[in-house]
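A look at the structure
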Amino acid sequence: MSHIKIPNTKYNVNSLFVDRWSPRAFSEKSISTEDLMSMFEAASWAASAMNDQPWRYIAAQKENTESFNQLVDCLNPANQIWAKNAAVLIISGMSTIYSSNQKPNGGAMHDLGLANQNLILQAQSKNIYSHIMGGFDKEKATSLFNSDGTIVAHCMIALSYLGDPELLDETLKQRELTGRSRRPIEDFVTML
Ligand SMILES: Cc1cc2nc3c(=O)[nH]c(=O)nc-3n(C[C@H](O)[C@H](O)[C@H](O)COP(=O)(O)O)c2cc1C
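Scoring rules and cut-offs
- Here the residue numbers are simple positions, counted from 1 along each chain's written sequence.
- Restriction of local features to residues with pLDDT of at least 70 applies here, the model being predicted, together with a cutoff of 80 or more for giving and counting side-chain atom pairs; totals for whole chains, interfaces and linings are based on all residues.
- To get the side-chain values, all heavy atoms of the structure are used, and hydrogens and water are removed first.
- Strands are runs of DSSP state E lasting at least 2 residues, helices are runs of H or I lasting at least 4, and numbering of each runs from the N terminus.
- Radius of gyration: over C-alpha atoms. The globule rule applied is 2.2 Å multiplied by the number of residues raised to the 0.38 power.
- A simple rule labels every residue: compare its accessible area, found with a 1.4 Å probe on the protein chains alone, to the largest value its type can have, and call it buried under 20%, exposed over 50%, or partly exposed in between.
- Contacts were defined at the residue level, with two residues in contact if any of their heavy atoms lie within 4.5 Å.
- Per-residue accessibility takes into account occlusion by the displayed protein chains alone, with areas from the Shrake-Rupley method and a 1.4 Å probe.
- In this charge count, Lys and Arg are treated as positive and Asp and Glu as negative; neither His nor the chain ends contribute.
- Every charge is mapped onto a representative atom, which is NZ of Lys, CZ of Arg, CG of Asp or CD of Glu.
- In these notes, residues near a molecule or strand are those with any non-hydrogen atom within 4 Å of it.
- N or O atoms closer than or at 3.5 Å make up a polar contact, with two conditions inside protein: a donor-capable atom paired with an acceptor-capable one, and, for residues adjacent in sequence, both atoms drawn from side chains.
- Following DSSP output, two strands are said to pair if at least two bridges run between them.
- Stacked, tilted and edge-to-face are the three classes applied to pairs of Phe, Tyr and Trp rings, where Trp contributes its six-membered ring and a pair requires centres within 6.5 Å; stacked means planes under 30 degrees apart, edge-to-face means over 60, and tilted covers the rest.

Thoughts on the overall build of the protein chain
The secondary structure content of the protein chain amounts to seven helices and four strands. The globule rule puts the C-alpha radius of gyration for 192 residues at 16 Å, and the 17 Å found for the protein chain is close to it. Looking at the protein chain residue by residue over its 192 residues, the buried ones come to 43%. Considering only contacts within the protein chain whose residues lie at least 6 apart along the sequence, 76% involve residues at least 24 apart. Approximately 10900 Å² of the protein chain is accessible, and the part contributed by carbon and sulfur atoms is 51%. Averaging the coordinates of the 17 positive side-chain charges in the protein chain and doing the same for the 20 negative ones gives two points 5 Å apart.

In structure tokens:
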């Protein structure tokens, strides 16, 4: 694909970090269960407070139409337009209490973020792209966890091989082709 958006970096970083970006044009190629499970395995090796591993996932491959559509249904219309073409959709949620003592886990969202990053970098290592989404119906997605209320959905993730941006409408296509930028390091690091 000609529109792989790899930025220039000032310092040398592992290519996995800069190869990853969030596309909306997806290929029709499916993601194997083996590859998908390798992503969840990568997620499971994230660090977490008290090794509680608060991350929880619900996933559906596009081939499982009924389950996949249940997840599409959770998304906001603006995300549905393109995310319905993903090969896999995931609800990423967390247990808000520690399993060892049932006390509130104030770091659950932090640990879920670590696990999600492991997941999407494992995907990227196989040229599978990810797009995290906060635009979805949290109540609907949370209800799919069938928990006693202690597991809550936090974001959704679309996974796919990269597709042709020409398949997108003009606005999304422009976004797909626009370069990426980041704040300079000095903006967020104080060296003492
Ligand atoms: C928590 C979170 C929520 C996001 N929600 C959405 C969303 O609802 N829709 C969308 O198109 N992108 C969403 N994004 C993607 C970001 O816009 C994207 O990661 C950011 O612009 C940086 O671009 P990059 O991932 O291509 O480097 C979300 C990302 C995160 C981490």
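Regarding the site of the ligand
Taken together, 13 residues lie near the ligand, and Ser22, Arg24, Gly134, Arg180 and Arg182 sit nearest. Within the side chain of Asn79, an N or O atom sits 2.9 Å from a nitrogen atom of the ligand. In this structure, His131 approaches the ligand through a side-chain N or O atom, which is 2.8 Å from a nitrogen atom. Protein chains shield 59% of the accessible area of the ligand, which is 620 Å² for the free molecule. Mapped by element, the contributors of at least two residues to the shell around the ligand are α4 (77-83) and β3 (129-133).

What about the pairing of β3?
Counting buried positions over the five residues of β3 gives four, a clear majority of the element. Where β3 lies against strand β4 (residues 151-160), five bridges are found, and the strand directions are antiparallel. Opposite Ser130, over in β4, you have Leu159 as the bridge partner.

Notes on the environment of Ala123
Residue placement: Ala123 occurs in helix α5 (residues 108-124). The class of Ala123 is buried, set by a relative accessible area of 0%. Taking the C-alpha atoms as reference, Ala123 lies 8.0 Å from Leu159; in sequence the two are 36 residues apart. Once residues lying within four places of it in the same chain are set aside, the contact partners of Ala123 are Met39, Ile128 and Leu159.

As for the packing of aromatic side chains
Summed over all chains, the structure comprises three aromatic pairs. Ring centres of Trp21 and Tyr129 lie 6.0 Å apart, and the angle between their planes is 70°; this geometry places the pair in the edge-to-face category. Of this pair, Trp21 sits in the loop between α1 (15-19) and α2 (33-44) while Tyr129 is found in strand β3, placing the two residues 108 residues apart along the sequence. A residue is classified by how much of its surface remains accessible, and Tyr129, at 4% relative accessible area, is buried. For the pair Phe40 and Tyr57, a centre-to-centre distance of 5.3 Å together with 45° between the ring planes defines the contact as tilted. Of this pair, Phe40 sits in helix α2 while Tyr57 sits in strand β1 (residues 55-61), and the two are 17 residues apart along the sequence.

Side note on the pairing of β4
Among the 10 residues that make up β4, eight are buried, leaving the element largely enclosed by the rest of the structure. As judged from the eight bridges shared by strand β2 (residues 88-95) and β4, these two strands associate in the antiparallel manner. Pairing of Met94 across the sheet is with Val152, part of β4.

All we've got here are geometric facts, nothing functional implied.
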